[in-house]
Each structure stands twice: as C-alpha cells, then as structure tokens.
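One-letter residues, chain by chain:
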Amino acid sequence: MISGYGMRIFIDVAMVALLAAAFGFRITGGFAHEVFGVFAAAFFALHNAINARWYARIFSGGYSMRRGVSTFVNAVLAALASVVAASGIASSEFLFGLGVATMELRQIHSISAYWLLIFAGIHAGLNGGFFRVRALCARPKISAALSLGVVLFGAWAFWERSMFGKLFCGYSFDFVNPDFPALLFFAEILAIPCAVALIVRFVCNFEKIKTKVKL
C-alpha cells in the first residue's frame, strides 16, 4: 500500500511527466497534446487539493522573506496554470472542439506554458520535494556530481530550446527538427525545471550545504 508521502511523490512525478509530454506537440500530435494537457491539469488540481491546508493558512501568521517569495511564486504558478488550461480548452481542436483558436490565443497558451515550466522549477526548489538538503548530503560527492550534471544539461537545454526568446521575446512557438531524437527533446524539457529547482534549492540552503557537505 502506498503511503501518503509516496502518493504525493507519485502525483508530483506524474504531473511533471505529463507536463513535459504535453510540450511535445510537434512530436506526439495535437490529440495526444490535449490528452496529456488534460491529465496534467487534473494532477495539478489533485496536487492543490492535497495541499489545501496551505491555502487555509495563507492569511495567518507572520511573513518572512522566504514565505513571501514562496507565496508569490505559488500565486504566479496557479495563475499560469489557469491561463494554460483556459487557453488550451479554448483553442482545443479534438477534445473540446470550441473552434475559437486564434494565433494570439495560441501564443498566450504557449508562452504561459513555458513560464509555467520555469515557475514549477522555482516552486520545487523553494519547497524541497526531491531536492532536500539531507538527500543531497547522503552521498555528497555523487549527489554533487549528479546535481552539477543536471544543472549543466539544463543550462544547455535552455539554450538549445531557445528558451530566452520564448520567455522574453514574444514568440513562443516551438519547432522540432524531425531528425532530432524525441527522447532527447523530452529530457531537455525535464532538465530545465530540474536545473532551476536545484539552483534555487542551493541558494536557499547555501549555508547548510556549505557546512554539511564535505567534498
């Protein structure tokens, strides 16, 4: 029987995997893109339902800088997810068939999805998840090497997928060379938020890592 913590991990992993799969529109096709998007949204809603107590406590207690930043990131993440879901439903051609897709609406859907990827990484870094300090310290040399590898690969993926232009230059449509390995494409998409999460986690716990990790 899966424990409560195990179920949370399963939901988070499934949510991220489905989100990454949804980015492969040019590889999987429109129907699969919409199916992956619907399931990613469902797991996102489930993730929020499980963490409903956070929303109940949002106006209670004091706010440190860390809590303020985390609340801001969570709010932006929720807003981006809502925009992605709403624009996706509105521009659906297969599952919902609303037939109101425009270039502007698709652009909103695309750029919101890329920012969602970045803020998902920031959220994971701020809240720990797979990147807890004790996990990093379990096997310091191996963990440090793996973390550095993920960050470097994520930085390369950020450049290779032209993420700066997608996020800031107002043109977020993705084009995939048909000869480009599909597995590498999805690995790049996953590496970007993982690299962001590791960087954020390192910054948040710099003093702890400096004192606990003895390379």
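Predicted model, so just to flag it, every value in this text is computed and none were measured. (Residues numbered from 1 in each chain as written. Predicted model: local features only at pLDDT ≥ 70, side-chain atom pairs only at ≥ 80, totals over all residues. Heavy atoms only, no water.)

Concerning the confidence of the model for the protein
Overall, the predicted model of the protein reaches an average pLDDT of 86, with 87% of residues at or above 70. Below pLDDT 50 for its whole length, residues 131-136 participates in 17 contacts with residues either more than four positions away or in separate chains. (pLDDT = per-residue confidence, 0-100. Contact = heavy atoms within 4.5 Å.)

Considering the side chain of Ser110
Looking at where Ser110 falls in the secondary structure, it is placed in helix H6 (residues 103-127). Leave out the neighbours within four places in its chain, and Ser110 touches Ser172 and Phe173. (Helix = DSSP H or I, 4+ residues; strand = E, 2+ residues; numbered from the N terminus.)

Section: the nonpolar core
With 27 residues, the main nonpolar core has Phe23, Leu116, Ile118, Phe119 and Ile122 as its most contacted residues. Where this core is concerned, the elements lending two or more residues are helix H1 (4-22), helix H5 (65-90), H6, helix H9 (163-168) and helix H10 (182-204). Here this core gets eight residues from one element, more than from any other, and that element is H6. Those residues within four positions of Ile118 in sequence are excluded, and the remaining contacts are Phe158, Met163, Leu167, Ile192 and Val196. Within the second largest apolar cluster, six residues are counted, among which are Ile11, Leu18, Ala40 and Phe43. (Core = buried A, V, L, I, M, F, W, Y, C linked by side-chain atoms within 4.5 Å. Buried < 20%, exposed > 50% of the residue type's maximum accessible area, 1.4 Å probe, protein only.)

Description of the pattern of salt bridges
Evaluated as defined, the whole model comprises three salt bridges. The residue Glu160 makes a salt bridge to Arg161 at a minimum N-O spacing of 3.0 Å. Residue classification places Glu160 among the partly exposed residues on the basis of a relative accessible area of 23%. Residues Arg161 and Glu188 are paired through a salt bridge, measuring 3.6 Å at the closest nitrogen-oxygen approach. Of this pair, Arg161 sits in the loop between helix H8 (140-160) and H9 while Glu188 sits in helix H10; the two residues are 27 residues apart in sequence, bridging distant segments of the chain. When its relative accessible area of 0% is taken as the criterion, Glu188 is described as buried. If you follow the salt bridges from partner to partner, you end up with Glu160, Arg161 and Glu188 in one network. (Salt bridge = Lys/Arg side-chain N within 4 Å of Asp/Glu carboxyl O.)

A short note on the side chain of Arg161
The exposure class of Arg161 is buried, given its relative accessible area of 5%. Here Glu160 takes part through its side chain, which lies 3.0 Å from a polar atom of the side chain of Arg161. Filtering out sequence-adjacent residues up to four positions away, Arg161 remains in contact with Lys166, Asp174, Phe175, Val176, Phe180, Phe185, Glu188 and Ile189. (Polar contact = N/O pair within 3.5 Å; in protein donor to acceptor, adjacent residues only side chain to side chain.)

Description of the packing of H8 against H10
Relative to each other, H8 and H10 sit at 120°, their axes nearing to 7 Å. The pairing of H8 with H10 is recorded here as oblique in orientation. Here H8 and H10 pass one another in a crossing that is left-handed. Contacts between H8 and H10 involve Ser147, Val150, Val151, Phe153, Gly154, Trp156, Ala157, Phe158 and Glu160 on the former and, on the latter, Leu184, Ala187, Glu188, Ala191, Ile192, Cys194, Ala195, Leu198 and Ile199. Here the residues of the contact of H8 with H10 sort into 14 nonpolar, two polar and two charged. (Axes fitted to C-alpha atoms, helices over the stretch in contact; angles between N-to-C directions. Parallel < 35°, antiparallel > 145°, perpendicular 65-115°, else oblique. Left-handed = near helix turned anticlockwise from the far one by under 90°. Nonpolar A, V, L, I, M, F, W, Y, C, P; charged D, E, K, R; others polar.)

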